[in-house]
Amino acid sequence: MAISLIPANRKMKGQKVSIEGDIKVVRGSILVKRGFAHMQKHGVIMDVTNVEQAQIAEEAGAVAVMVLDKLPYDVRKAGGVARTAGVKTIEEIMHAVSIPIMAKCRIGHYSEAKMLETCGVDMIDESEVLTPADEENHIWKWEFTTPFVNGAKDLGEALRRIEEGASMIRTKGEPGTGNVAEAVNHIRKMNKEIRVLKAAYLDNDYQEIIKLAREYMVSMEVAMEVGRLGRLPIVNFAAGGITTPADASFLMKLGCDGVFVGSGIFKSEDPSSRAKAVVLATTFYDNEKEVLEAQKMVDEKKSLVGLDTKNLDLRMQERGPSV
Amino acid sequence: MTPFLKVGILSIQGDIEENSNAIKESFEVLEIEGTIIHIKDFHDLDEIDGLVIPGGESTVMGMLLFFQGVQTDLIKKKIQEGLPILGTCAGLIMLSNKAYDKTIGETKQSLLKVLDVTIERNAFGRQQESFESELDIPYLGERRFNGVFIRGPAITEIGNNVEIIAEYDKKIVAVRQNNILGTSFHPELANDNRFHTNLVKLMVEYNRSKKRT
């Protein structure tokens, strides 16, 4: 199997089958949606709020851009309700760069997501950075042709989002703080939990797998798949607080497939060299000399000062439905 | 006796592991011993018997290759001398002479320019238009091949020595120019390794001819 297609057999309204000539053409299939996420691997996805930033990101080697109205750091400062970005801004960016465009919608906000899909973005991020619109439900993502990325703090959360149809997972971290500590916690926790499932799978201990599936509130099918693969069945990126090239390299070493950088780049005072440096450090994450070279490209005095994650007024990672 | 193959995979960005799995499975099918070398720059090219450029973002791969001031002349020379190479999607764009995009015109991106074709990037549209479809590819045999197109490019012009391998909706989506194979779709995602197996066969020949000279 080239990429994992588990969980399978869900009713997929977002999958469009058509007969063109004498051949069958399928859009929005699980393979095409997850395949898109696989193409982002080993890359850096950058948060941008306007065309100028999107162009800087593309030139620096970003694999995609994530459009939002305010960077997470500014969302914290502004308070109030954070919603999806302006459609005009998204369209302008779609016309200005050739790399994929992603955009954030509020957790559970089906119509905001449908609007982004109709607008033509390449991937939708159902994000805790924006104010959740539904405290009970996440979006049922199988109804979309456009793939989704969701945040997760641990394995259970990641698997529940996958069962709802997410095509990509990212750690939640604590966005807009400039502090990677929470992202590190989340990926370490996931890795630890995956190890337990893998061990149960290798021992053929079905009782243990069922118990773990119950604990995570997911199907046996998806728990078995994690045990078999020894990793998440879909691409898993790091996100939340990444600021320097060394941060990116660290999270790649912990087993992430790529990184999202939010406020870290465009809230610093050296965005374009920093963007390039983070891309280099992500590609060459296991080459210490290259990471050092990348780190030389940024000035620590120009980094986002950051916030202490222990005394925050708003912990974004804890927002939204708990199940 | 079959040689021990060393297959390079350009490991800058994209679906590197999926290509490496497809190559490993091809080794098994052909009962060949071999290993995968992840290449991030072009220093240790002499060792390899073939190269795969995976899918991903061509702008990123180009930027990172040329940013480092890597000797791309070296790889070009190798390919012209017969090093078998497969480029899928972004890899195809990297190999091409020229690439353009409907919305932003000819792209300024850096290319290797070894395959005599012109590419239209995202020719089938954005991600929503990405699709999978069964293709007739005589080069691979009678059984149809599941083409997985993800924001895929199309080939709009080809040189005299370029052979068309597959078409979809009157657009050229796979070509061969001697030792160079290029596809708009992702054979590494298709769960069908015939493209990679053919590439490995070319590598066996290349390895033998290398030893003779």
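Residues numbered from 1 in each chain as written. Chains lettered and ligands numbered in written order. Predicted model: local features only at pLDDT ≥ 70, side-chain atom pairs only at ≥ 80, totals over all residues. Heavy atoms only, no water.

The next point concerns the overall build of chain B. Across its full length, chain B carries five helices and 13 strands. Taking 213 residues into account, the globule formula puts the C-alpha radius of gyration at 17 Å, and chain B, at 16 Å, falls close to it. Taken along its principal axes, the extent of the C-alpha atoms in chain B is 50 × 45 × 35 Å. When the 213 residues of chain B are sorted by exposure, 63% land in the buried category. A gap of 4 Å separates the mean positions of the 24 positive and 31 negative side-chain charges of chain B. (Helix = DSSP H or I, 4+ residues; strand = E, 2+ residues; numbered from the N terminus. Rg over C-alpha atoms; globule rule 2.2 N^0.38 Å. Buried < 20%, exposed > 50% of the residue type's maximum accessible area, 1.4 Å probe, protein only. Lys, Arg positive; Asp, Glu negative; His and termini not counted. Charge placed at Lys NZ, Arg CZ, Asp CG, Glu CD.)

Here we take up the nonpolar core. Ranked by internal contacts, the top residues of the largest apolar core, which has 114 residues, are Ile45, Met46, Ile90, Met168, Leu251 and Phe260 of chain A. Of all the elements, helix H12 (residues 271-283) of chain A adds the most residues to this core, at six residues. Those residues in contact with Leu251 of chain A, other than ones at most four positions away along the chain, are Val180, Ala183, Val184, Ile187, Ala238, Ile242 and Cys256 of chain A. Residues Ile32, Ala123, Ile137 and Phe145 of chain B belong to the second largest nonpolar core, which totals 35 residues. (Core = buried A, V, L, I, M, F, W, Y, C linked by side-chain atoms within 4.5 Å. Contact = heavy atoms within 4.5 Å.)

All names here are of chain B. Across the two faces of strand S4 (residues 85-88) the burial is the same, with Ile85 and Gly87 and Leu86 and Thr88 all buried. Inspection of the sheet shows strand S3 (residues 50-53) paired to S4 by three bridges, in the parallel sense. What sits directly across from Ile53, in S4, is Gly87. The pairing of S4 with strand S13 (residues 180-183) spans four bridges and is classified as parallel. In the strand pairing of S13, Thr88 is matched with Thr183. (Pairing = 2+ DSSP bridges.)

Moving on to the environment of Val117 of chain B. Residues and elements named next belong to chain B. In this structure, Val117 sits in strand S7 (residues 115-121). Separated by 21 residues in sequence, Val117 and Ser96 have C-alpha atoms that sit 5.5 Å apart. Once residues within four sequence positions are removed from consideration, Val117 is found in contact with Ser96, Asn97, Lys98, Ile155, Glu157, Ile158, Val162 and Val175.

Counting along an α-helix, one turn takes 3.6 residues, and residues three or four places apart therefore face a common direction. Counting buried residues along helix H1 (residues 30-39) of chain A, 10 of its 10 residues qualify, which places the element largely inside the surrounding structure. Every buried residue of H1 of chain A is listed here: Ile30, Leu31, Val32, Lys33, Arg34, Gly35, Phe36, Ala37, His38 and Met39 of chain A.

All right, on to the interface of chain B and chain A then. The figure often quoted for interface size is the accessible area lost as the parts come together. At the interface, 42 residues of chain B touch 52 residues of chain A. When chain B packs against chain A, close to 3,800 Å² is buried across both sides, 55% of that on carbon and sulfur atoms. The largest per-residue losses of area from chain B upon contact with chain A belong to Arg126, Gln127 and Gln128 of chain B, which jointly make up 18% of the total buried on that side. Summed over the shared surface of chain B and chain A, the result is seven salt bridges. At the level of secondary structure, the elements contributing two or more residues to the side of chain B that touches chain A comprise helix H1 (16-30), helix H2 (58-67), strand S8 (131-135) and strand S9 (145-149) of chain B. For the side of chain B that touches chain A, a count of residues per class yields 13 nonpolar, 15 polar and 14 charged. Examined bridge by bridge, strand S2 (residues 23-27) of chain A and S8 of chain B share three bridges and lie antiparallel to one another. Opposite Val25 of chain A, over in S8 of chain B, you have Ser133 of chain B as the bridge partner. (Buried area = accessible area lost by both parts, 1.4 Å probe. Salt bridge = Lys/Arg side-chain N within 4 Å of Asp/Glu carboxyl O. Nonpolar A, V, L, I, M, F, W, Y, C, P; charged D, E, K, R; others polar.)

A separate point is empty space enclosed by the protein. What the rule picks out here adds up to four cavities of 30 Å³ or more. One number sums up the size of the largest cavity: a volume of about 180 Å³. Lining the largest cavity we find 22 residues, and of these Asp47, Pro175, Ala239, Gly240 and Gly262 of chain A sit closest to its centre. Residues that form the lining of the largest cavity fall into these classes: eight nonpolar, eight polar and six charged. The volume enclosed by the second largest cavity comes to roughly 130 Å³. In terms of lining residues, the second largest cavity is bounded by 15 residues, among which Gly56, Glu57, Cys89, Ile150 and Arg151 of chain B are the most central. Looking at the lining of the second largest cavity, the elements that each hand over two or more residues are H1 of chain A together with helix H4 (90-95) of chain B. When its residues are assigned to classes, the lining of the second largest cavity shows eight nonpolar, four polar and three charged. (1 Å grid on protein atoms, 1.4 Å probe; cavity = no way out; pocket = protein on both sides within 12 Å on 5 of 7 lines; lining within 4 Å. Points joined across faces, edges and corners; volume = space filled by probe spheres on them.)

Below, the discussion takes up the state of the cysteines. Residue and element names in this part refer to chain A. Per the counting criterion, the structure on display carries zero disulfides over all chains. There is no disulfide at Cys105, and the cysteine sulfur nearest it, in Cys119, is 13 Å away. We classify Cys119 as buried; its relative accessible area is 17%. (Disulfide = S-S within 2.5 Å.)

Right, let's talk about the pattern of salt bridges for a bit. Residue and element names in this part refer to chain A. Counting across every chain of the model gives 42 salt bridges over all chains. Notably, a salt bridge pairs Lys253 with Glu288, separated by 3.0 Å at the nearest N-O pair. One end of the pair, Lys253, is in helix H10 (residues 245-253); the other, Glu288, is in helix H13 (residues 288-296), with 35 residues separating them in the sequence. Through salt bridges with shared partners, a single ionic network connects Lys104, Asp125, Glu128 and Arg170.

Another point: the confidence of the model for chain B. As a note on interpretation, predicted positions should not be read in detail where pLDDT is low. Predicted confidence across chain B gives a mean pLDDT of 92, with 97% of residues reaching 70 or more. In the predicted complex, the global pTM is 0.96; the interface-specific ipTM is 0.96. (pLDDT = per-residue confidence, 0-100.)

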